[in-house]
Amino acid sequence: MGAKIISFATQKGGSGKTTLLMLTAAAIHNRTDKKILVIDSDPQRSVKDMYKYEQELYPNARQYDVFAFNWQQPNPEVNFQKTIQLAENKYDIIFNDVPGKIHGKEVYYSILISDIVIVPIVASSLDLSATVDFLKTIPEVRKDKEKLGYKLDVYGVINKKDNTIEHQKLYELAGLGGMELFYSPISNKVRYKRVISTIYDVTDPNDPNDEFNKYFDEFMIKCLS
Ligand SMILES: Nc1ncnc2c1ncn2[C@@H]1O[C@H](COP(=O)(O)OP(=O)(O)OP(=O)(O)O)[C@@H](O)[C@H]1O
Ligand SMILES: [Mg+2]
């Protein structure tokens, strides 16, 4: 059947949606034979720009596909749903980088078409209230999906983790909006800034001590099995 649609969303900017999405997509791209499409709805085109840059730099490398989608058009949701319908039969996984703005149509429709939503969570009081507000909107969309006969799984991933008390408190968010938290967090590490790629894996898949691999194993079990 059609592709699994996985959106990375939060209301809070800078929490790591694009980073986590790209790390995950590159790892699946390298470690499995699944066909991946990334939908980049960021007006700044972060994934698409990286795609073009790497395409020129490494013309013979195998990249995953990236499609830039513009929400600033009349009735974007109609076009968006058409885009998804066309892509669903061509790909195994569609990753969707959802632009911010909790009240915009883009968030609602992105979640409506998703099988899974991944919410990167970063600790700081400001980030947290935005995340809580976002999670509170989930049950309504879930209800709309259930009416159509679909279910929605929501997973939180703690990103930029450190040892502060704020970070320890993040585990209290589990359950909000039906969100299940990943056991495996992603730390604040320079390598996650540097090794963002549409081609290369962030790490050696065989290193069992690498935290990214722990996150990735959990991702595969929760989201793709
Ligand atoms: N685990 C991490 N360790 C270190 N830096 C990180 C990590 N995750 C994200 N970053 C950095 O934080 C910044 C914001 O990350 P990113 O762009 O992925 O967030 P975003 O949620 O997509 O933001 P936006 O809402 O602007 O699209 C970037 O500079 C990125 O390199
Ligand atoms: Mg982004």
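Computed from a predicted model, the values in this text were never measured in an experiment.

K.L.:
Please provide a residue-by-residue account of the site of ligand 1, values included.
P.N.:
Taken together, 16 residues lie around ligand 1, and Gly14, Thr18, Thr19, Asn159 and Ser187 are the ones closest in. Separating an oxygen atom of ligand 1 from a side-chain N or O atom of lysine 17 is a distance of 2.9 Å. Contact distances for ligand 1 include 2.8 Å between an oxygen atom and a side-chain N or O atom of threonine 18. Burial of ligand 1 by the protein chains amounts to 74% of its free accessible area of 630 Å². Cavity membership is defined here by more than half of the atoms lying within 2 Å of grid points; on that basis ligand 1 lies in the largest pocket. Secondary-structure elements contributing two or more residues to the shell around ligand 1 are α1 (17–31) and α7 (190–194). The leading source of residues in the shell around ligand 1 is α1, at 3 residues. For the shell around ligand 1, a count of residues per class yields 2 nonpolar, 9 polar and 5 charged.

K.L.:
Account for the sheet that holds strand β2 (residues 36–40), with residues named and values stated.
P.N.:
Pairing in this open sheet of 7 strands is parallel, and the strands run β3-β2-β4-β1-β5-β6-β7 from one edge to the other. This sheet does not close on itself; its edge strands, each paired only once, are β3 (65–68) and β7 (179–181). Strand after strand, the sheet turns through a mean of 25° between neighbouring axes, direction not considered. In terms of strand pairing, strand β6 (residues 153–158) meets β7 through 3 bridges, oriented parallel. Across the sheet, the residue bridging to valine 154 is methionine 179, located in β7. With respect to the sheet, helix α2 (residues 46–57) is in contact with β2, β3 and β4 (93–97), its orientation differing from that of β3 by roughly 130°.

The rules behind the values
- Residues numbered from 1 in each chain as written.
- Chains lettered and ligands numbered in written order.
- Predicted model: local features only at pLDDT ≥ 70, side-chain atom pairs only at ≥ 80, totals over all residues.
- Heavy atoms only, no water.
- Near = heavy atom within 4 Å.
- Polar contact = N/O pair within 3.5 Å; in protein donor to acceptor, adjacent residues only side chain to side chain.
- Areas by Shrake-Rupley, 256 points an atom, 1.4 Å probe, with all protein chains shown as cover.
- 1 Å grid on protein atoms, 1.4 Å probe; cavity = no way out; pocket = protein on both sides within 12 Å on 5 of 7 lines; lining within 4 Å.
- Sits in = over half its atoms within 2 Å of the grid points.
- Helix = DSSP H or I, 4+ residues; strand = E, 2+ residues; numbered from the N terminus.
- Nonpolar A, V, L, I, M, F, W, Y, C, P; charged D, E, K, R; others polar.
- Pairing = 2+ DSSP bridges.
- Axes fitted to C-alpha atoms, helices over the stretch in contact; angles between N-to-C directions.
- Contact = heavy atoms within 4.5 Å.

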